[in-house]
Amino acid sequence: MSDRLPTLGASPVELPRPRRLLGRALGRPSLPALVGLAVVVVVFGAQAPGLLTSGGLASVLDSAALLGIGGVAVALLLIAGQFDLSIGVLAIASSLVTALLIEEAGWGTWPALLVSLAAALLVGLVNGFLVVNTGLPSFLVTLATFLVLQGTSQASAQALAGSARVSGLDEAPGWASAHAVFGSTVQLWDGRFRVSLLWWLAVTAVGTWTLWRTRFGNAVFASGGARRAARQLGVPVRRTTLTLFCLTAAAGWLIGTLGVVRLDGVQVGAPGLGSAVDFIVVAVIGGCLLTGGYGSAVGAAIGALLYAVARQGIALAGWAPPWFQAFLGVLLLVALLANAVVRYRLKAVPRS
Amino acid sequence: MMEPGPVEPPTGSAVPALELRRLSVRYGSVHALSRVSATIPAGQITCVLGENGSGKSTLVAVLSGLRRHDEGQLLLSGEPVHFRSPQQARAAGIATVWQDLAVAPLLSIWRNFFLGAEPTRGIWPLRRLDVDRARELTVQAMARVGVTGLDPDQPASTLQAGARQSLAIARARHFGVRAVVVDEPAAPLTVGQQTLLLQTIVAARSQGLAVLLVTNNPRYAHLVGDRFLLLAHGQVAGKLTRDDVDASDLMRLMAGGEEFSALNSALTDLHSELGEG
Ligand SMILES: Nc1ncnc2c1ncn2[C@@H]1O[C@H](COP(=O)(O)OP(=O)(O)OP(=O)(O)O)[C@@H](O)[C@H]1O
Ligand SMILES: [Mg+2]
């Protein structure tokens, strides 16, 4: 039957020598963040030697931990090509739910935590459902969620507790065990290290494993990098997106819970848009492309560390705090440019 | 969990591998396919020909589970099926080479090869990709289509356009146990690539698979095709077998089909105008 074919025969396709070094470097989205971290540690280590003591380390790691938990979750979402601005305010709103249930309704600690987790997941579901079913940009959907949650939590704190602060939760049943899980500390030399560090490590490790070693991880990469191809090959893009929004919501709840247990209460301030983009900044510094399809959980964790070192370093070096914002802006710009280069190299496909 | 099982290629050719019965697909008010009936028997190459926008890719989308048909029936070995996702179609042994190849440039070659149907091991909370097996199978499958010396961990964007094409073809060969659907790639192909595509199609036929080749090149179709399905404006404009036509007939018929359908739609427009007037 094949006699109708031209007698050419498929010429074996010659592959160009793989650019190994480049390939390797591109396989590690966290590399630029690692370099940045080294630079920042050297610079601020010289400017503020206090940073490199066990006390300084403890405070850096402490602020990196909360940021890192959210950063890793947002990184996964960014890799799938979506944004979440609501995670920071979700942290506050869910801890407010916990606090109000304990303080005003007299619930035990664990039931209150479970209900606030359920509420957070519900918000994540709504975010994901809207994004998946309306095709609206997730940036705008979660901006709306951010505003709704911020307004609602401030108003209900005022209405139900009479002030923006709910405190004195440590009398509640189950508080001691919750404190052991979310709030215990260990003293090493003159630094107090918190359990949030372990949560951060666990979230990063699980995130990394999930991304690289599970079918879900493959679906996350494909949903962001090549949504059309993913659909054509039957990757459950919608389900993946929904799951990721629930995961960021759960991360928000975890951050809120770590905070509420530590402070024995919650302060409903006005976190402003700043904290809404913090996690995205961290993920982008960690090497995630805003266009999706590329990034890593480890990168986001390193990004959080870089962020925390810079903030603590500037404080310890005695610079005026606003410098941190300026520094962060520069850092973000550098990260975006580095990512643009990566993107260019990755997409620069030779055409025949 | 959705790995394609070893589906037996149907031998008795009484029941066609795939059959469409008065199948319709609408996008809003656009009738992309209307009441299309056709058979795609095993061991034969069925070519779908038609101008741009005549519904060829829509037909591919239905057969590969991307789009559900609105009316009519799709029969797989005589059984009516409604694929809910491309995963199900692939699990049923129908693999597709997409018009745009469906390659994710940032993912590694082996991840691309198995995307949507990754081999796993372990049980649920610890169920993980079987990376070694996936790498190995990818290298083997790519070697079978003539791409050797491949590092499956490289991102697919490092592949030349031709090798990407081979990736899409190798994937279809691997997963297509019952039928292979080829939407002729829109990107221009080198002679070597065209030959590879044709060889793949012919090899699939001699393995007893049902092959559907979408093209708008009649000469190309005549080279390998056993049966020809002409589409115009989402409707069947003609059904022919290899014995009925030669290449120039096919070309003329395609043009004729367009002319005929143009005339047809002009007449219907006229009718509706007259009806309203
Ligand atoms: N997702 C969609 N939404 C709306 N209309 C669509 C969609 N996909 C296809 N169509 C319409 O359906 C009709 C058939 O399109 P289809 O892509 O099947 O044509 P085709 O024969 O593959 O064309 P080509 O040769 O350009 O690939 C066209 O009129 C097209 O505009
Ligand atoms: Mg088409």
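A brief report on the enclosed structure follows. Please read all numbers here as calculations on a predicted model, not as lab measurements. Residue numbers run consecutively from 1 along every chain, following the written order of its sequence. Just so you know, chain letters begin at A and ligand numbers begin at 1, following the order they were written in. With the structure being a predicted model, the display of local features is reserved for residues of pLDDT at least 70 and the display and counting of side-chain atom pairs for 80 or more, all residues being used for whole-chain, interface and lining totals. The side-chain figures draw on all heavy atoms in the structure; neither hydrogens nor water molecules are used.

With that out of the way, let us pick up the coordination of the magnesium ion (ligand 2). Perfect tetrahedral coordination of a metal by four donors corresponds to 109.5 degrees between them, and perfect octahedral coordination by six donors corresponds to 90 or 180 degrees. Coordinating donors are taken as N, O and S atoms within 2.8 Å of the metal, stretched to 3.2 Å for Na, K and Ca; because water is absent from the atoms, sites can appear incomplete. Donor atoms from the polypeptide that bind the magnesium ion (ligand 2) are Ser57 of chain B (OG) and Gln99 of chain B (OE1), placed at 1.9 to 2.6 Å. Taken as a pair, Ser57 of chain B in helix H1 (residues 56-63) and Gln99 of chain B in the loop between strand S6 (94-97) and helix H3 (109-114) lie far apart in primary sequence, 42 residues in all. To qualify as a helix, a DSSP run of H or I must reach at least 4 residues; to qualify as a strand, a run of E must reach at least 2; elements of each kind are numbered from the N terminus.

Take the site of ligand 1 next. Residues and elements named next belong to chain B. Around ligand 1, the neighbouring residues are Tyr27, Val30, Ala32, Glu51, Asn52, Gly53, Ser54, Gly55, Lys56, Ser57, Thr58 and Gln99. Whenever a nitrogen or oxygen atom comes within 3.5 Å of another N or O atom, the pair is scored as a polar contact, on the condition that within protein one atom can donate a hydrogen and the other can accept it, and that pairs from neighbouring residues in sequence are kept only if both atoms are in side chains. Within the side chain of Ser57, a nitrogen or oxygen atom sits 2.7 Å from an oxygen atom of ligand 1. One nitrogen or oxygen atom from the side chain of Gln99 is found 3.3 Å from an oxygen atom belonging to ligand 1. Calculation of accessible area relied on Shrake-Rupley with a 1.4 Å probe; when residues are assessed, cover is drawn exclusively from the protein chains displayed. Compared with its free state, where it exposes 630 Å², ligand 1 has 59% of that area covered by protein. Mapped by element, the contributors of at least two residues to the shell around ligand 1 are strand S2 (30-40) and H1. When residues in the shell around ligand 1 are grouped by element, the largest group, three residues, is from H1. The classification used treats Ala, Val, Leu, Ile, Met, Phe, Trp, Tyr, Cys and Pro as nonpolar, Asp, Glu, Lys and Arg as charged, and all other residues, Gly among them, as polar. Considering only residue class, the shell around ligand 1 consists of three nonpolar, seven polar and two charged. The criterion for a residue being near a molecule or strand is simple. One of its heavy atoms has to lie within 4 Å of it.

Residues and elements named next belong to chain A. Pairing analysis gives four bridges linking strand S2 (residues 185-188) to strand S3 (residues 191-194), with the strands arranged antiparallel. Residue pairing in the sheet places Leu188 in a bridge with Gly191 of S3. Here S2 folds back onto S3, and the loop between the two strands holds two residues, one of which, Trp189, carries a positive phi near 50°. Here a strand pair is declared whenever DSSP counts at least two bridges between the two strands.

Right, let's get into the side chain of Ser223 of chain A. All names here are of chain A. Among the structural elements, Ser223 can be located in helix H9 (residues 215-225). At a separation of 2.5 Å, a polar atom in the side chain of Ser223 contacts the main-chain carbonyl oxygen of Ala219. The contact criterion used throughout is that any non-hydrogen atoms of two residues lie within 4.5 Å. Setting aside chain neighbours within four positions, we find Ser223 in contact with Ala80, Ala230, Val237 and Thr240.

Turning to the environment of Thr109 of chain A, a few remarks are in order. Residue and element names in this part refer to chain A. If you trace the backbone, Thr109 turns up in helix H5 (residues 109-134). In this structure the C-alpha to C-alpha distance between Thr109 and Gln325, which are 216 residues apart in sequence, comes to 37 Å. Excluding anything up to four places from it in sequence, Thr109 contacts Ile102, Ala172, Pro173, Gly174, Trp175 and Ala178. In this structure the side chain of Thr109 is engaged in a polar contact, spanning 2.8 Å, whose partner is the backbone oxygen of Pro173. A polar contact of 3.2 Å, which involves the side chain of Thr109, links it to the backbone nitrogen of Trp175.

With that settled, consider a nonpolar patch on the surface. Residues and elements named next belong to chain A. A cluster of nonpolar side chains, namely Leu31, Leu34, Val35, Val39 and Val43, defines an oily patch on the protein surface of about 400 Å² accessible area. Its place among the elements puts Val43 in helix H2 (residues 31-47). Burial classes follow relative accessibility: with a 1.4 Å probe on protein chains only, a residue under 20% of its type's maximum area counts as buried, one over 50% as exposed, and anything between as partly exposed. Given the relative accessible area of 39%, Val43 is considered partly exposed. Patches here: salt-bridge-free residues with over 30% relative accessible area, like charges joined within 9 Å, nonpolar side chains (Val, Leu, Ile, Met, Phe, Trp, Tyr) joined within 5 Å. Salt bridges are defined as contacts in which a side-chain nitrogen from Lys or Arg sits within 4 Å of a carboxyl oxygen from Asp or Glu.

The subject of this paragraph is the sheet that holds strand S10 (residues 210-215) of chain B. All names here are of chain B. Here six strands make up an open sheet; going across it, the order is S6-S9-S10-S3-S11-S12 and the pairing mixed. Both edges of this open sheet fall to S6 and strand S12 (235-241), since each of them pairs with a single strand only. Strand after strand, the sheet turns through a mean of 15° between neighbouring axes, direction not considered. In terms of strand pairing, strand S9 (residues 179-183) meets S10 through five bridges, oriented parallel. Bridge pairing in S10 links Asp183 to Val214. Packed on one face of the sheet, helix H5 (residues 161-175) meets S6 and S9 and runs near 170° to S6. In this analysis an axis means a line fitted to C-alpha atoms, helices contributing only their contacting stretch, and an angle means the value between N-to-C directions, from 0 to 180 degrees.

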